[in-house]
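So you can see what is in the structure, the chains are spelled out below.
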Amino acid sequence: MHKYQWEHRNITVTFNESLHGGSGHQQGHSSSQANGETPRNLEDLVGERASWASQELEKRGYEFANSDAGGPGSSFTNWWERSSGRCISVKTTDGRYETIRYAMEATCSR
């Protein structure tokens, strides 16, 4: 079990052993990255200004899903990756992307 914590938000991720099989490879999504991890193709956006980075997300095939307040000076925006159907959650603090993480599908529900 893995726990990921942000101010005012916690995510607990558990993995079903049957998904890993004997080879140690995760099945299901085409990406081997789990919820709570930063997508490799978005690592360069962490620390960038949110206004520019949001446009860049759209260029890279992400669609805005929803947003919610994260506390003083921060917020969360959630996006669908069009090609895979996976959800990401972006924490913005003081106008810059602080974290980008894969999230559960329910996070991106409208």
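Preceding this section is the structure that the text describes.
Residues numbered from 1 in each chain as written. Predicted model: local features only at pLDDT ≥ 70, side-chain atom pairs only at ≥ 80, totals over all residues. Heavy atoms only, no water.

Caption draft 1: Local environment of the side chain of E81. In this structure, E81 sits in strand β4 (residues 74–81). No salt bridge is formed by the buried E81; the nearest opposite charge belongs to R86, separated by 6.0 Å. At a separation of 2.6 Å, a polar atom in the side chain of E81 contacts the side chain of S84. Not counting residues up to four positions away in its chain, the partners in contact with E81 are N41, G61, Y62, R86 and Y102. (Helix = DSSP H or I, 4+ residues; strand = E, 2+ residues; numbered from the N terminus. Buried < 20%, exposed > 50% of the residue type's maximum accessible area, 1.4 Å probe, protein only. Lys, Arg positive; Asp, Glu negative; His and termini not counted. Salt bridge = Lys/Arg side-chain N within 4 Å of Asp/Glu carboxyl O. Polar contact = N/O pair within 3.5 Å; in protein donor to acceptor, adjacent residues only side chain to side chain. Contact = heavy atoms within 4.5 Å.)

Caption draft 2: Summary view of the sheet that holds strand β6 (residues 96–103). Across the sheet, four strands lie side by side as β3-β4-β5-β6; this open sheet has antiparallel pairing. The sheet is open, and its two borders are formed by β3 (62–71) and β6, each paired with just one other strand. Adjacent strand axes in the sheet meet at a mean angle of 20 degrees, parallel and antiparallel pairs treated alike. On top of the sheet, helix α1 (residues 50–59) reaches β3, β4, β5 (87–93) and β6; it is set at about 35 degrees to β6, its chief contact. (Pairing = 2+ DSSP bridges. Axes fitted to C-alpha atoms, helices over the stretch in contact; angles between N-to-C directions.)

Caption draft 3: Expanded view of the pairing of β3. In terms of strand pairing, β3 meets β4 through eight bridges, oriented antiparallel. From the neighbouring strand, F64 faces β4, where its bridge partner is W79. Where β3 folds back onto β4 in an antiparallel hairpin, the turn is made up of two residues, including G73, whose phi is positive at roughly 80 degrees.

Caption draft 4: Representation of the state of the cysteines in the model. In total, this model carries one disulfide according to the counting rule given. C87 shares a disulfide with C108; S-S distance 2.1 Å. Across the disulfide from C87 to C108, rotation about the S-S bond amounts to roughly 85 degrees, and the bridge is consequently right-handed. Pair noted here: C87 is in strand β5 and C108 is in the segment after β6, with a separation of 21 residues, a long-range link. Overall, the relative accessible area of 1% leaves C108 in the buried class. (Disulfide = S-S within 2.5 Å.)

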